[in-house]
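Breakdown of the fold
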Amino acid sequence: MQKPALAQFVENLKSTPGELRRALLKNGLPKSERERSHMSFHNFFLHMQSVKVHKHSLRWSYTLGLGIIATASFIILLVTGILLMVYYKPSTDLAYSSIKDINYVVFGGRITRNVHRWAAHIMVIAVLLHMARVFFTGSYRRPHEVNWLIGLGLLVVTLALSFTGYILPWDQLGYWAATIGANIAQSPREITDALGITHIIDIGGLQKELLLGASFVDEDALLRFYMLHCIFLPLLLTVLMGVHFWRIRKDGGISRPESLDRPGSPDYKPVRPGVFQPGPGKTYGLMAVVKGTRPTVGSAPENTVMALPHLLYAEAAVFMLTTAIVLVLGFYLNAPLKELANPVVPENPAKAPWYFLGLQELVSYSAFMGGIGIPTIVVISLALLPFLDRKGSDTGIWFGGAAGRKVFWQSIAFGTAVTVGLLIFTITQGWLRNWFPNVHQLVIVVFNPGTVLVVLYAWWSIFNLKRHNSIRMGAIAMFTVFLVGFILLTYVAAIHRGPNWEFYWSHSQWPPH
């Protein structure tokens with residue numbers, strides 16, 4: 001006998017949670033590796049990663065979880081950014097008041113904005129450290145060359161994404177940070193003015209107008225930064241991240257020492273011994289036999305574990321930890337909000353975001369070399385790295401072993417000595433313009449503290465390359481001294497630069513306004 005409709009309705013309502021679980025999991029929780037494989041293949045999100053991962057990839061001491069931290073930060077930024085967009089008004093007349101409303105009127109608005117800002121800082125730090133981890137473990141080498149280039153693109157887009165958000169509150173901090181960025185974009189005029197050809201070819205002016213949509217920071221710039229920050233750059237970053245993850249999978253997973261999968265090696269400790277059978281010697285594509293083999297061909301499965309649950313649990317743990325950190329920071333530390341932007345009253349000192357302060361210190365010596373020349377040299381050098389330092393037996397080993405660790409510490413000492421020494425010299429003695437007021441500007445563009453540091457860093461790299469007869473050792477030396485220089489220049493600009501970009505030991509020594 002059929003149940004009454006009302007009774008059937010109540011029964012269906014009670015069983016809805018179980019039916020929803022069944023609909024999501026289809027055949028229930030997996031109980032075997034085969035079922036876990038099917039679940040990974042048929043689930044959209046799980047399909048983004050391999051069915052199995054090498055146990056070495058799960059070691060926190062190797063990856064430090066930095067890639068997942070950066071990804072988690074980006075997801076938090078997306079969620080909080082969408083919430084902020086509901087109340088934000090991209091207009092010079094309304095932007096500042098809308099931020100004040102978010103801070104003081106909207107329920108939960110303050111912590112949402114705080115979390116958004118701290119997630120942005122954590123993402124920048126995580127991406128920078130992730131790049132350093134990939135470098136120091138040699139993970140940029142074949143077959144990961146393309147992914148290294150994509151990672152560089154992700155770094156640039158991450159910095160651009162964070163910078164474009166700076167102007168949106170339309171306060172003094174954001175307005176003058178955007179003005180500094182615009183002046184850096186205009187820095188090629190330093191050369192064209194010195195050559196007297198600015199009226200013929202004005203590359204700097206063109207770059208500034210492309211950035212701002214005008215010759216100064218106004219509503220056009222605010223709208224342009226808003227569109228970049230909320231639409232274009234997040235979409236670009238999402239695409240690059242998707243390709244980045246896909247390349248990791250297609251390139252055989254995260255790099256690791258070859259000895260881990262070589263039977264007979266002291267490092268070979270299989271999780272499931274005795275199951276490896278040599279695989280095919282060719283890679284088969286859809287239409288033909290592809291020349292060579294994929295990284296996964298011939299790799300032993302003894303040291304692999306199922307991505308579900310091992311990798312999934314690790315990713316979830318790092319995601320929750322990142323979320324907890326930004327929530328705590330957002331609860332106790334407020335995002336800054338200064339006075340309403342005033343083009344007539346400049347900030348003194350006007351400072352860029354912390355991750356550009358090192359460049360601002362170099363810009364104080366030469367606008368073009370500090371803002372464009374030296375960053376271009378660094379990016380090109382990093383892009384060429386995997387093609388100059390090719391695959392070696394020390395791939396997947398921190399610093400390439402004992403020799404690399406020695407070069408690393410020596411490079412820290414050398415980089416600290418030359419950077420601090422040059423800063424002390426320039427602060428106490430000045431530079432060419434102080435000694436020769438009429439010196440030609442092109443001389444300063446070519447010969448300034450920034451270019452001197454680059455030459456000294458390059459010499460140290462070549463010295464180690466020859467001394468150890470190893471491109472890898474030269475690369476470690478170069479990367480380390482540039483990293484030390486970035487940290488020290490950022491520190492000096494953030495802590496010791498005051499009004500008129502003068503050096504002060506502490507903020508208390510600043511002259512009264």
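Residues numbered from 1 in each chain as written. Predicted model: local features only at pLDDT ≥ 70, side-chain atom pairs only at ≥ 80, totals over all residues. Heavy atoms only, no water.

**Let's talk about helix H11 (residues 203-212)**
Residues spaced three or four apart along an α-helix face the same direction, because each turn holds 3.6 residues. Within H11, burial applies to Gly204, Gly205, Lys208 and Leu212. Buried residues in H11, looked at end-on, bunch into an arc of 95°, giving them a common side. Seen from the buried face of H11, the exposed residues on the opposite side, beyond 90 degrees, are Leu206 and Leu210. Tucked inside the fold, the buried residues of H11 contact helix H9 (172-185), helix H10 (189-195) and helix H12 (219-250). Where H11 ends, the next residue or the one after it, Gly213, has phi of about 75°, a positive value. (Buried < 20%, exposed > 50% of the residue type's maximum accessible area, 1.4 Å probe, protein only. Helix = DSSP H or I, 4+ residues; strand = E, 2+ residues; numbered from the N terminus. Arc of directions from axis to C-beta. Contact = heavy atoms within 4.5 Å.)

**A short note on the environment of Thr428**
Here Thr428 shows up in helix H16 (residues 402-429). Among the polar contacts made by the side chain of Thr428, one reaches the main-chain carbonyl oxygen of Ile424 at a distance of 2.7 Å. Here the side chain of Thr428 touches Phe425 through a polar contact of 3.4 Å, landing on its backbone oxygen. (Polar contact = N/O pair within 3.5 Å; in protein donor to acceptor, adjacent residues only side chain to side chain.)

**Let's talk about unusual backbone geometry**
Look at the link from Arg142 to Pro143: it is a cis peptide, with omega at 10°. With respect to the secondary-structure elements, Pro143 resides in the loop between helix H7 (109-136) and helix H8 (145-164). Residues Asn348 and Pro349 are joined by a peptide bond in cis, for which omega reads 5°. Turning to its location among the elements, Pro349 is positioned in the loop between helix H13 (307-332) and helix H14 (357-363). Phi angles above zero are rare outside glycine, and Phe399 is one such case at about 60°. By secondary structure assignment, the location of Phe399 is in the loop between helix H15 (367-388) and H16. In the Ramachandran plot, Trp501 falls in the positive-phi region, its phi being about 60° despite a non-glycine side chain. Here Trp501 shows up in the segment after helix H20 (471-496). A relative accessible area of 16% means that Trp501 is categorised as buried.

**A look at H8**
The terminal C-alpha atoms of H8 lie 29 Å apart, and with 20 residues this matches the ideal 28 Å at 1.5 Å per residue to within 8%. Among the 20 residues in H8, 14 count as buried, and that is most of the element. (Expected span 1.5 Å × (residues − 1).)

**Some remarks on the pattern of salt bridges**
The tally for this structure, following the rule as stated, stands at 6 salt bridges. The closest approach of N and O atoms between Glu145 and Arg142, which form a salt bridge, is 3.7 Å. Among the residues examined, Glu145 registers a relative accessible area of 16% and is labelled buried. The class of Arg142 is partly exposed, set by a relative accessible area of 48%. Asp251 is the salt-bridge partner of Arg247, the closest N and O atoms lying 2.9 Å from each other. Note on Asp251: relative accessible area 7%, which makes it buried. (Salt bridge = Lys/Arg side-chain N within 4 Å of Asp/Glu carboxyl O.)

**Overview of the side chain of His229**
Tracing the backbone through its elements, the reader meets His229 in helix H12. A distance of 3.1 Å separates polar atoms of two side chains, one belonging to His229 and the other to Thr164. Residues contacting His229, with those up to four places away along its chain left out, are His116, Leu161, Thr164, Gly165, Leu168 and Pro234.

**Here's the deal with the packing of aromatic side chains**
Evaluated as defined, the whole model comprises 29 aromatic pairs. Between Phe425 and Trp435 the ring centres are 5.9 Å apart and the planes differ by 80°, which places this aromatic pair in the edge-to-face class. In this pair, Phe425 is assigned in helix H16 and Trp435 in helix H17 (residues 432-435), connecting sequence segments 10 residues apart. Its relative accessible area of 37% is what places Trp435 among the partly exposed residues. An aromatic cluster is present here, built from Phe135, Phe136, Tyr140, Trp148, Trp398, Phe399, Phe408, Trp409 and Phe479 joined pairwise through their rings. Against the face of Tyr62 rests Arg133, its NZ or CZ located 5.2 Å from the ring centre. (Phe/Tyr/Trp six-rings, centres within 6.5 Å; stacked < 30°, edge-to-face > 60°. Lys NZ or Arg CZ within 6 Å of the ring centre and 35° of its normal.)

**Re the environment of Leu362**
Following the sequence through the fold, Leu362 ends up in helix H14. Judged by relative accessible area, Leu362 falls into the buried class, the value being 8%. In this structure, the C-alpha to C-alpha distance between Leu362 and Pro449, residues 87 residues apart in sequence, is 7.6 Å. With sequence-adjacent residues up to four places away left out, Leu362 is seen in contact with Gly370, Ile374, Gly450 and Leu489.

**So, the packing of H8 against H12**
Two elements in contact, H8 and H12, have axes separated by 9 Å at closest approach and are oriented at 160°. Comparing the axis directions of H8 and H12 gives the class roughly antiparallel. Along this stretch, H8 crosses H12, giving a crossing that reads as left-handed. The residue inventory of the contact of H8 with H12, partitioned by class, reads 17 nonpolar, 7 polar and 1 charged. (Axes fitted to C-alpha atoms, helices over the stretch in contact; angles between N-to-C directions. Parallel < 35°, antiparallel > 145°, perpendicular 65-115°, else oblique. Left-handed = near helix turned anticlockwise from the far one by under 90°. Nonpolar A, V, L, I, M, F, W, Y, C, P; charged D, E, K, R; others polar.)

**Description of the nonpolar core**
Soluble globular proteins tend to bury their nonpolar side chains together. Formed by 81 residues in total, the largest nonpolar core has its most connected members in Phe135, Phe136, Trp148, Trp170, Val217 and Leu237. Top element by residues in this core is H7. It accounts for 13 residues. Composition of this core by domain shows at least three residues from each of domain 1 (43-167 + 217-274 + 301-333) and domain 2 (348-513). The residues touching Val217, leaving out its near neighbours within four places in the chain, are Ile167, Trp170, Tyr175, Ala178, Thr179 and Leu212. One finds Met369, Ile374, Val445 and Val492 within the second-largest nonpolar core, a separate group that totals 10 residues. (Core = buried A, V, L, I, M, F, W, Y, C linked by side-chain atoms within 4.5 Å. Domains from an automatic or database assignment.)

**Let's talk about the packing of H8 against H15**
Look at H8 against H15: their axes get within 8 Å of each other, and the N-to-C directions meet at 165°. Relative to H15, H8 is oriented roughly antiparallel. Note on packing geometry: the crossing formed by H8 with H15 is right-handed. Where H8 abuts H15, its residues Glu145, Trp148, Leu149 and Leu152 lie against Val379, Leu382, Ala383, Leu385, Pro386 and Phe387. Residues belonging to the contact of H8 with H15 are distributed by class as follows: 9 nonpolar, no polar and 1 charged.

**A closer look at a nonpolar patch on the surface**
On the surface, Ile75, Leu78, Val79, Leu83, Phe319 and Met320 cluster together into a nonpolar patch covering about 520 Å² of accessible area. Among the secondary structure elements, those contributing two or more residues to the nonpolar patch are helix H5 (66-87) and H13. Here the nonpolar patch gets 4 residues from one element, more than from any other, and that element is H5. With respect to the helices, strands and loops of the structure, Ile75 is situated in helix H5. (Patch = residues over 30% accessible without salt bridge, like charges linked within 9 Å, V, L, I, M, F, W, Y side chains within 5 Å. Areas by Shrake-Rupley, 256 points an atom, 1.4 Å probe, with all protein chains shown as cover.)

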